[in-house]
Each structure stands twice: as structure tokens, then as C-alpha cells.
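Below, each chain spelled out in residue letters.
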Amino acid sequence: MLHSAARGRIGVDQRLIRAILERGPAAIAGIAEFSRGDHRKDRINLDSLLIDLVHTLGSPEGLEVLLDVIRRSPDEIDELLIGALLPYREQAVEPLLAVYEEVGEERGSDIAFLLSGLRIHDPRVRALLEERLEFDAADGAFLLGLYGDQDVRPALERMLAEIPQDDAELRREFTYALECLSEAQAEYQPEPFDIFANYPERELPDFDVLTEAERLEMLASEDAPVRAGAAYSFFNCELDPKTRKLLLALAQGDPDTAVRARSWESLGDAAGDAPIRDAMAAVLADSSKPAEERGGAAVGLYAVADRDNIRQGIEKLYEEGGHARVKALEAMWRSLWPPFAKYFPPHLDSDDPVLLHEVLRGVGYFQMKAHSDKIASFFDRPGELADIREDALFAYALAMPGETTRGRARGLFRKIDALADLSPSEGELVMFALDERLRLHGLDPVFAADGPIEEEEAPAPAPTAKVGRNDPCPCGSGKKYKKCHGA
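As the structure is a prediction and not an experimental result, all values here were calculated from the model.

### Observations concerning unusual backbone geometry
Only a minority of non-glycine residues have a phi that is not negative, and only a minority of peptide bonds are not trans.
Item 1. We note that Arg 119 has phi near 55°; this positive angle belongs to a residue other than glycine.
Item 2. Looking at the element boundaries, Arg 119 is found in the loop between helix H8 (109-118) and helix H9 (123-135).
Item 3. Non-glycine residue Gln 367 carries a positive phi angle of around 50°.

### Quick word on the packing of helix H10 (residues 137-147) against helix H12 (residues 168-182)
Item 1. For the pair H10 and H12, interaxial distance at closest approach is 8 Å and the crossing angle is 10°. In terms of orientation, H10 and H12 fall into the roughly parallel class. Residue-level contacts link Ala 137, Ala 138, Ala 141, Phe 142, Leu 144 and Gly 145 of H10 to Leu 170, Glu 173, Phe 174, Tyr 176, Ala 177, Cys 180 and Leu 181 of H12.
Item 2. The residue makeup of the contact of H10 with H12, split by class, is 11 nonpolar, 1 polar and 1 charged.

### Considering empty space enclosed by the protein
Over the atoms, a rolling probe the size of a water molecule traces out where space has been left empty.
Item 1. Inspection of every chain in the model, using the stated rule, returns 1 cavity of 30 Å³ or more.
Item 2. In this structure, the largest cavity spans a volume of roughly 30 Å³.
Item 3. Taken together, Glu 403, Thr 404, Thr 405, Ala 409, Leu 412, Leu 434, Arg 437 and Leu 438 form the lining of the largest cavity.
Item 4. The element that contributes the greatest number of residues to the lining of the largest cavity is helix H25 (residues 424-440), accounting for 3 residues.
Item 5. Of the residues assigned to the lining of the largest cavity, the class counts are 4 nonpolar, 2 polar and 2 charged.

### Focus: the packing of helix H18 (residues 291-300) against helix H19 (residues 308-320)
Item 1. At a minimum axis distance of 10 Å, the contact between H18 and H19 shows a crossing angle of 140°. It follows from the interaxial angle that H18 and H19 lie oblique. Once H18 is placed against H19, the crossing between them reads as left-handed. Residues Ala 291, Arg 294, Gly 295 and Ala 298 of H18 pack against Ile 314, Leu 317 and Glu 320 of H19.

### With respect to helix H24 (residues 409-420)
Think of an α-helix as turning once every 3.6 residues; residues three or four places apart then point the same way.
Item 1. If you check H24, its first and last C-alpha atoms are 17 Å apart, about what 12 residues at 1.5 Å a residue would give, namely 16 Å.
Item 2. Inspection of H24 places Ala 409, Arg 410, Gly 411, Leu 412, Phe 413, Ile 416 and Ala 420 among the buried residues, and these make up the whole buried set.
Item 3. Those residues of H24 hidden inside the fold are in contact with helix H23 (389-399) and H25.
Item 4. Of the residues one or two after H24, Asp 421 is the one with positive phi, at around 50°.

### Points about helix H20 (residues 322-335)
Item 1. For H20, spanning 14 residues, the distance from its first C-alpha to its last is 20 Å, which sits close to the expected 20 Å at 1.5 Å a residue.
Item 2. Taking burial as the measure, the 14 residues of H20 include 12 buried ones, the bulk of the element.
Item 3. For H20, the set of buried residues is Ala 324, Arg 325, Val 326, Lys 327, Ala 328, Leu 329, Glu 330, Ala 331, Met 332, Trp 333, Arg 334 and Ser 335.
Item 4. Structurally, H20 contributes buried residues whose contacts are with helix H14 (224-232), helix H16 (257-266), H18, H19 and helix H21 (353-365).
Item 5. Note on H20: the residue one or two positions beyond its end, Leu 336, has a positive phi of about 60°.

### Structural notes on the nonpolar core
Item 1. In terms of nonpolar packing, the biggest core is built from 84 residues, with Leu 267, Ile 314 and Phe 344 touching the most fellow members.
Item 2. At 8 residues, the largest contribution of residues to this core is made by H23.
Item 3. With residues up to four places along the chain from it excluded, the contact list for Phe 344 reads Leu 329, Met 332, Trp 333, Glu 358, Val 359, Gly 362, Val 363, Phe 366 and Met 368.
Item 4. Of all hydrophobic cores here, the second largest spans 66 residues; its members include Leu 53, Leu 85, Leu 118 and Val 152.

### Looking at the confidence of the model for the protein chain
Item 1. On average, the protein chain scores 90 in pLDDT, and the residues at 70 or more come to 92%.
Item 2. Contacts from residues 450-487, a stretch scored under 50 in pLDDT, to residues over four places away or in other chains number 83 contacts.

Reading guide: rules and limits
Residues numbered from 1 in each chain as written. Predicted model: local features only at pLDDT ≥ 70, side-chain atom pairs only at ≥ 80, totals over all residues. Heavy atoms only, no water. Helix = DSSP H or I, 4+ residues; strand = E, 2+ residues; numbered from the N terminus. Axes fitted to C-alpha atoms, helices over the stretch in contact; angles between N-to-C directions. Parallel < 35°, antiparallel > 145°, perpendicular 65-115°, else oblique. Contact = heavy atoms within 4.5 Å. Nonpolar A, V, L, I, M, F, W, Y, C, P; charged D, E, K, R; others polar. 1 Å grid on protein atoms, 1.4 Å probe; cavity = no way out; pocket = protein on both sides within 12 Å on 5 of 7 lines; lining within 4 Å. Points joined across faces, edges and corners; volume = space filled by probe spheres on them. Left-handed = near helix turned anticlockwise from the far one by under 90°. Expected span 1.5 Å × (residues − 1). Buried < 20%, exposed > 50% of the residue type's maximum accessible area, 1.4 Å probe, protein only. Core = buried A, V, L, I, M, F, W, Y, C linked by side-chain atoms within 4.5 Å. pLDDT = per-residue confidence, 0-100.

So this is what it looks like as C-alpha cells:
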């Protein structure tokens, strides 16, 4: 099961976790065997899942799995791993010391953090932490303060006395470490851990990492949601005759409505083929068909939505409301046919996130600059609409006021960043949307291109990776993340 999940062939969800945990004590042996294996060809990194399984099982053998994870990424230790490791206490000290020696002082900062956080007063640990004072004085002081061993106080006081008065930041680190030594150390109490809170009940295979042959194989799955997902994985793809034939067979004969709908959508690439186009048009016009299936046909026909019979079918679907309207709006914005633009603004006051997803795409792709302020109002909506932020950012990048040229693209990015305080992933999304805006104007992309930009502009802030334990804390304290909110 773990190998299949690592290949992307099954989803990482609560069903997978239950199937593993139901094996009882035998589960940890299988988890350990998988962890020890060669993971260079894995498509999905399962280290987080392995950590959570070990945390849940609480087996002594689980420590080796955590050590495997640490060896693979010694400088990416996060709170999940720390929480799973803490219950091992004394048992973890010696193997962590060995791993520290393996990876070396340069990459061993987070392992030293683990050892100090265990607060097991072992002369070997104390010696390692004191050595880090020489390697990185500020980091070493923080770790010794966290470690809580009073025997290190003289060394900290001696070094503090030698730090020049004008080095206020380093003196602050040592002073803080000494204050920590003066505080009473709380006794370790394990916190409750619910593995199922971190995973969805149902997750489909990761079709993005599967080969075409694997996805074609899944079109014959006994599981209807898998067939539907596999069919949709071919959406917006150039279809070869074999794939086209399989999708058409599903669209016309599968017993599941969602599978038929997704198959019609993915046959959009074949809308230029008259027999397939006519078959989709017949489904769209057949009111006895479920709205979901007619909606799939409408989306599949987006490339020919300006034809009278197709336009009328999409507009009729829109008038039905509900899910039918959602799919009609999707077909409309994908068509980019200007007469459809009028259907989107009236729904900007909706509180339905599913509908708003399509509405915002339409307002963005039709570049309705007059509604840019309304789009921006979705950046920070509470409750159920909180997840609409990314749709709003994408739409705003497409529709915001400003000249659309390659030279202005980075300036537009900076304006959005200043307005919305973009996260790294949001920054990438906005860059993609701005490139899409350029493409709609017949211009080459900027952020996905290596070539020169037409006008000279200061570079936009590059998206960064997630905050590392040695990076500045995002809270603005000036401390490293691991010494502030990461502690």
C-alpha cells in the first residue's frame, strides 16, 4: 500500500491509514521496511505520513523510521517530526548523536535542536551543544538555554562577558539563554495526537504524476470516482485515437453520471470531430439527461460555444440554476466568447464558493477591469469564503487596471503583492495569471520566460520556499524561526 501511494496510484487518505493501522503490531515492521528502501524513484514523498503513523502506533521500533526521515532531510525537521520523536526521550539520544556525526556540524543544526529539546542531561549532548557555541555562538546559546542544564551556565556567562557591548543582538541571545536556565523546566507531557485530523476521508490517486498508460488503465477501475478522475486527467490534452475511443465509450456507456460527465469534458479536444461534436451537442440538448452530464458536455463544447445550437444549450443550462449554472459558466469563460461576459458580474455578490470559483474566472478571463475592486474584496473573506482567495488573486491579476505589456508585468506583480501580502505559493499563482494575461494579448510570458524584458524594471520579489528553522521568523521579531515561533 505504501509503495502504491508513493507511486501516486492510490490516494493518501483516511482509508489508507485505517488499512495500515488495522494490521496492529505487524504494521510497524512494514512501515520500517518501506522506510529503509530506495526512494529515489518515488513520485510522492510519504515522509509526513510515516511520521504520523509512527506517532500513532507508539512502537519502540518506530524510532528507526523517524531516524530514516531525519537522514533523508536533516535540515527540514518540522513540528510533526518533533512531536513524534519526543515520546522516545532517552531512547532517542544515542541514535540522534550518531546521525549528527553522519551529517556533520554544517547540516546538523536541527538535530542539535532535537537533542536539546529532549532535555536528557547526557555529557555527550552537553559537549555537542557546547561545541556549537564555537560553530555558531547565537545558535549554540539558544540550544543550551533550551537544554536547561545548569552545568552550562559558567560557559555561557564567560562567553557573554567576552562579547563586545556594541554586539547587542548576540548579547541578547546569551542573556535570553541564561534567563531560560533560571526558569523551572516543565515536565514532559505527551499531547494527544489524532492522525485522522490531518488527512481527508477520501483522496483520489495523484493523476498528475501517473503515466498515460497508468491513467488509461484506471479508466477501467471498479471504483467510479477513480474512473471519473482518470477521465478528467485527459482534460485539455491532445488525445490520440486510442484515448479518444476509450473516453467516448465511457461518455456514452458508463453507468456513473460523474464518469460520463468527466469523459465528455475531456473530449473537448475532439470537438472538431463532427460525430463526437454532434454526440456532445445531443447530450447538451437532451433535458432527460442529468444536469451533471449535460454540464460535462457543455464544457466539452467550449471551443465551439459560439455556434447557435451550442450557445442556446449552454444558455438554457445556465437558466436552470444550481450545478447546471456552474457548469454553464465554466463553459462560457473557457470559450472566451465576448457575448458571454454579461453572465458573470450579477453573481459577484453570491455566497456560494463553488459558483464564485467560476464567476471569478469569468470576470478575470473577460478582463472586466470595472469590477477589479469587487474582486479584491474577496482577498480576505471569512468563513466558507476564505478559500476563494486564490480564485480572487488569479482573477485580479487578469483584470486589474494597468497597461498590459511585458515590461509592466513585474510592476503589476508588486502592486498585487503590496495589496494582498502574497504567500510564496500565491506569488507563483499570480505570476502564472500575469503570464496568462500577456498571452491573452498575444504577448510572450515574462515569469515563465528566460528572455529579456522590454522595459527596464526592478525585479519582483521571487517566491521563497517554506520558512526554514534557520530563516528569519515571519512575525518580524528579528529572531530565527526556530528561536521564535518555531520553538
